[in-house]
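Chain and residue survey
So you can see what is in the structure, the chains are spelled out below.
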Amino acid sequence: TWMRQNNILYKYIDLNNTAVLERQIKGYKILISLASIGFGNVPSILKACKNANIDRAIFTSTTAIFTKLNSKSKEARLVAESQIRESNLDWTIIRPTMIFGSPDDRNIIKLIKWIDKYPILPIIGTGKFLQHPIFVEDLSNVIANILTNKNTYKRSFNLSGKTALSYNKMIKLIKNELKTIC
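The shown structure was predicted, so the numbers you read here are calculated from the model rather than taken from an experiment. Numbering of residues starts from 1 in each chain and follows the order in which that chain's sequence is written. Two thresholds apply to this predicted model, a pLDDT of at least 70 for residue-level local features and 80 or more for giving and counting side-chain atom pairs, whereas whole-chain, interface and lining totals are computed over all residues. Side-chain calculation: all heavy atoms of the structure are included, whereas hydrogens and water are not.

Quick look at the pairing of strand S3 (residues 90-96)
It is a general feature of regular strands that their side chains alternate between the two faces of the sheet. Buried residues are those whose accessible area, probed at 1.4 Å on protein chains only, stays under 20% of the maximum for their type, while exposed residues exceed 50% and partly exposed ones sit between those limits. Numbered from the N terminus, helices here are DSSP runs of H or I no shorter than four residues, and strands are runs of E no shorter than two. Burial analysis of S3 places six of its seven residues in the buried class, which makes it a mostly covered element. One ladder, built from five bridges, connects strand S2 (residues 56-60) with S3; its direction is parallel. If you follow Phe59 over to S3, its bridge partner there is Ile93. By definition, the crossover connecting two strands over a helix is right-handed if that path, from the first strand to the second, turns clockwise as seen with the strands pointing away from the viewer. As for the winding sense of the linkage, the β-α-β connection from S2 through helix H4 (residues 72-86) to S3 is right-handed. Two strands are counted as paired when DSSP detects at least two bridges linking them. The pairing of S3 with strand S7 (residues 155-159) spans five bridges and is parallel. If you follow Ile93 over to S7, its bridge partner there is Ser156.

And the structure:
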C-alpha cells in the first residue's frame, strides 16, 4: 500500500531467469527483493543487478538462520547471505522474525483461523516460549527508511516486533480480538 501511495513501481519477476530480470530492472536505481533468498536465485539476482548497473539492493532473509534445527533452507539462506556479502553491491540484508498483519501470512493467520474454528488448541510444552512477531507495516517502514541510508550499506539487521509475547499470551490476545469482532 505504501509503495502505491508513494507512486513506487514494483514488479513480479522470475528470479531464476537472469536475462528477463535484467531487462525488467534496467533503469532502476534500487532493488528491493522481498522473495526468500532460500531458493538459490541470489546468483541470478546479483548478476542481473551488475548487468543493469544497480548498485543498491535490499534483500530479505530470516532470523530462522539462527535456529539450531538442521534444515536445507537454513544452509541455502546462509550460502545466499554469503554471496550477497561478497558482491560489490551496497547491500542490506534484513532478517525479520515472524511477520503478521496480512491475510497471506503463513504463521499467525493460521493460528487465528484455528482459534476461530476449534474450541481446543494444543499447547506445546508450557506455552511460555517467547515470540517476537513483527507487524508487516512496521517492516515496510523499516525498508522505506533504509533505502538510501548509507549507514545500512553492507550490513545485516535482525528485525522483530516491539514486544516479546509468550505463546499463551498470543493465544489470549487473539481470542480476545476474535470476541470483539463477533
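Examining the packing of aromatic side chains
Between the rings of Phe, Tyr and Trp (Trp by its six-membered ring), a pair exists once the centres lie within 6.5 Å; its type follows the angle of the planes, with under 30 degrees stacked, over 60 edge-to-face, and the other angles tilted. Within this structure, the stated rule accounts for three aromatic pairs. Residues Phe100 and Phe135 carry aromatic rings whose centres are separated by 5.4 Å and whose planes lie at 45 degrees to one another, so their mutual orientation is tilted. In this pair, Phe100 sits in strand S4 (residues 99-100) while Phe135 sits in strand S6 (residues 134-135), placing the two residues 35 residues apart along the sequence. For Phe100, a relative accessible area of 27% translates into the label partly exposed. Relative accessible area serves as the criterion here: at 29%, Phe135 is assigned to the partly exposed category. With 4.4 Å between their ring centres and 45 degrees between their planes, Trp114 and Tyr118 make a pair best called tilted.

A short note on the side chain of Arg95
Among the structural elements, Arg95 can be located in strand S3. Counted as a polar contact is a pair of N or O atoms within 3.5 Å, where, for protein atoms, one must be capable of donating a hydrogen and the other of accepting one, and residues adjacent in sequence contribute only when both atoms are in side chains. A distance of 2.9 Å separates polar atoms of two side chains, one belonging to Arg95 and the other to Asn158. Beyond its immediate chain neighbours, meaning those up to four positions away, Arg95 contacts Ser61, Thr62, Thr63, Ile65, Phe66, Glu81, Ser156, Phe157, Asn158 and Leu159. The contact rule is simple, with two residues in contact once any of their heavy atoms fall within 4.5 Å.

So, the sheet that holds strand S1 (residues 30-33)
Taken in spatial order, the four strands of this open sheet run S1-S2-S3-S7, and their pairing is parallel. Among the strands making up the open sheet, the edge pair consists of S1 and S7. Pairs of neighbouring strands in the sheet enclose a mean axial angle of 15 degrees, with direction left out of account. What counts as an axis is a line fitted to C-alpha atoms, over the stretch in contact for a helix, and the angles between N-to-C directions run from 0 to 180 degrees.

As for the pairing of S1
Here S1 shows a clear split, with Leu31 and Ser33 buried on one side and none of Ile30 and Ile32 buried on the other. Of the pairings in the sheet, the one linking S1 to S2 comprises four bridges and is parallel in character. Along S2, the bridge assignment pairs Ile32 with Ile58. The β-α-β motif built from S1, the intervening helix H3 (residues 42-51) and the parallel element S2 has right-handed crossover chirality.

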